[in-house]
Amino acid sequence: MTTTAEQRVSCTTTDGVADVRMSRPDKLNALDQAMFDALVATGLRLREDPAVRAVVLSGEGRAFCAGLDFGNFAKMADGGRSFERRAATTEPVGPAEARGQQAAHVWATIPVPVIAAVHGVAFGGGLQIALGADIRLVAGDARLSVMEIKWGLAPDMTGTQVLPELVGRDVAKELTFTGRVVSGTEAADLGLATRVEADPLTAALELAREIAAKSPDAIRHSKRLLDMAGRATLAEGFAAEQEAIRALIGSPNQTEAVKANLDERTPHFTDPT
């Protein structure tokens, strides 16, 4: 199945893996209003699709995403009078109300793993979109930056809340205060990326297919539990673990996993209802 939202994002789903690509290569997939809208629309649709078991998010052409469209910075030069920013919507994207926040946070609300494949540049808002993914595979020569300070801005697409969890508060401050560009290799060393891959997109799709072959119920419960870590009390986390295991044991997909392992065959899982 292939769909296109606002002609900015393409999405093809095959065997449970959704291959999502920002499709504005002539502008290094820079973020304009249509791109924001397309990212949110695509993420919301995938969130409700029980047949989707893993998502890969990447950018067409020479980059993942160069950040906010350059034309928007020019509009800010007059004091922001000509710069229009959609402040909020009523669409349910967790606590994110501003459109830019929604474009990054919607990937975190998808119940299955989201893998960002980063090559070229991921600057500013582009990096924050990558931070919405569960896993980030990056090219060694990719360039990443919390670049908002260059334009006299602070990150406002969820980055200030997500980045410290990944790299530590002090490193997050250093990257944000300076806007310095780090390579994919350094990003992995800092914890900003999961690991370096020579071909991030190929590696991400391979990983997504591996995940899609596992029990979708167990994957969804695991993501939800891991996302609670550090954000809920230990009592809440422990209780959620027990609720999850009670729901899983004896369920059709869990039974199939056991039988397939005992029979030494490939399991055949059904999509969650």
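Residues numbered from 1 in each chain as written. Predicted model: local features only at pLDDT ≥ 70, side-chain atom pairs only at ≥ 80, totals over all residues. Heavy atoms only, no water.

Visitor: Would you explain the overall build of the protein chain in this entry?
Guide: Across its full length, the protein chain holds eleven helices and ten strands. For the protein chain, the C-alpha atoms occupy an extent of roughly 65 × 40 × 40 Å along the three principal directions. Split into buried and exposed, the 273 residues of the protein chain put 45% on the buried side. Residue pairs at least 24 apart in sequence account for 68% of intrachain contacts in the protein chain once pairs closer than 6 positions are excluded. Surface exposure of the protein chain reaches about 13,500 Å², of which carbon and sulfur atoms provide 55%. Of the side-chain charges in the protein chain, 29 are positive and 36 negative, and the distance between the mean point of each set is 3 Å. (Helix = DSSP H or I, 4+ residues; strand = E, 2+ residues; numbered from the N terminus. Buried < 20%, exposed > 50% of the residue type's maximum accessible area, 1.4 Å probe, protein only. Contact = heavy atoms within 4.5 Å. Areas by Shrake-Rupley, 256 points an atom, 1.4 Å probe, with all protein chains shown as cover. Lys, Arg positive; Asp, Glu negative; His and termini not counted. Charge placed at Lys NZ, Arg CZ, Asp CG, Glu CD.)

Visitor: What am I meant to see in the environment of Ala-34 here?
Guide: Among the structural elements, Ala-34 can be located in helix α1 (residues 33–47). For the pair Ala-34 and Arg-231, spaced 197 residues apart in the sequence, the C-alpha separation amounts to 32 Å.

Visitor: I keep staring at the confidence of the model for the protein chain and nothing clicks. Help me out?
Guide: Note that predicted coordinates carrying low pLDDT should not be read in detail. Put simply, the protein chain has an average pLDDT of 93, and 91% of its residues get 70 or more. Of all helices and strands in the protein chain, the one with the weakest mean pLDDT is strand β1 (residues 2–5) (48), whereas strand β5 (residues 114–118) scores best (99). (pLDDT = per-residue confidence, 0-100.)

Visitor: What is the right way to read the sheet that holds strand β8 (residues 143–145) from this model?
Guide: As summarised here, the arrangement of the three strands in space is β6-β8-β9, forming an open sheet in which the pairing is mixed. For this open sheet the edge positions go to β6 (121–123) and β9 (182–183), each flanked by a neighbour on one side alone. Examined bridge by bridge, β8 and β9 share two bridges and lie antiparallel to one another. Across the sheet, the residue bridging to Arg-143 is Ser-183, located in β9. (Pairing = 2+ DSSP bridges.)

Visitor: Please explain unusual backbone geometry as it appears in this structure.
Guide: Of note, the phi angle at Asp-15 is positive, near 50°, even though the residue is not glycine. With respect to the element layout, Asp-15 can be found in the loop between β2 (9–14) and β3 (17–22). At Leu-28, a position not held by glycine, the phi torsion is positive, near 55°. Looking at the element boundaries, Leu-28 is found in the loop between β3 and α1. In this structure Leu-28 comes out as partly exposed when scored by relative accessible area, which is 23%.

Visitor: What exactly am I supposed to notice about the pairing of strand β7 (residues 135–138) here?
Guide: If a strand is regular, its side chains alternate between the two faces of the sheet. Here four bridges tie β5 to β7, and the two strands are oriented parallel to one another. When the sheet's bridge partners are listed, Ala-117 is paired in β7 with Leu-137. Across two bridges, the pairing between β7 and strand β10 (residues 195–196) is parallel. Residue pairing for β10: Val-138 is matched across the bridge by Val-196.

Visitor: Help me understand helix α11 (residues 252–263) in this model?
Guide: Since there are 3.6 residues in each turn of an α-helix, residues three or four apart along the chain are aligned in direction. Along its twelve residues, α11 runs 16 Å from first to last C-alpha, staying within 8% of the 16 Å computed at 1.5 Å per residue. Asn-253, Glu-256 and Ala-260 are the residues of α11 that are buried. End-on view of α11: buried residues confined to an arc of 55°, all on one side of the axis. Across from the buried face of α11, at angles greater than 90 degrees, the exposed residues are Asn-261 and Leu-262. Residues of α11 that are buried sit in contact with α9 (216–228). Glu-264, located one to two residues past α11, shows a positive phi value of around 55°. (Expected span 1.5 Å × (residues − 1). Arc of directions from axis to C-beta.)

Visitor: Sorry if this is basic, but what is going on with the packing of α9 against helix α10 (residues 234–248) here?
Guide: Helix-helix packing is characterised by the crossing angle of the two axes and by the distance between the axes. Interaxial distance between α9 and α10 falls to 10 Å at its minimum, and their mutual angle equals 175°. Compared by their axis directions, α9 and α10 come out roughly antiparallel. Taken together, the residues of α10 that come into contact with α9 (itself represented by Asp-217, Ala-218, His-221, Arg-224, Leu-225 and Met-228) are Glu-236, Gly-237, Ala-240, Glu-241, Ala-244, Ala-247 and Leu-248. (Axes fitted to C-alpha atoms, helices over the stretch in contact; angles between N-to-C directions. Parallel < 35°, antiparallel > 145°, perpendicular 65-115°, else oblique.)

Visitor: Looking at this structure, I do not really get the state of the cysteines. What am I missing?
Guide: Linking two cysteines covalently through their sulfur atoms gives a disulfide. Across all of its chains, the model carries zero disulfides by this definition. For Cys-11, which is in no disulfide, the shortest distance to another cysteine sulfur is to Cys-65 and amounts to 17 Å. On the basis of relative accessible area, Cys-11 is assigned to the buried category, the value being 2%. With a relative accessible area of 0%, Cys-65 lands in the buried category. (Disulfide = S-S within 2.5 Å.)

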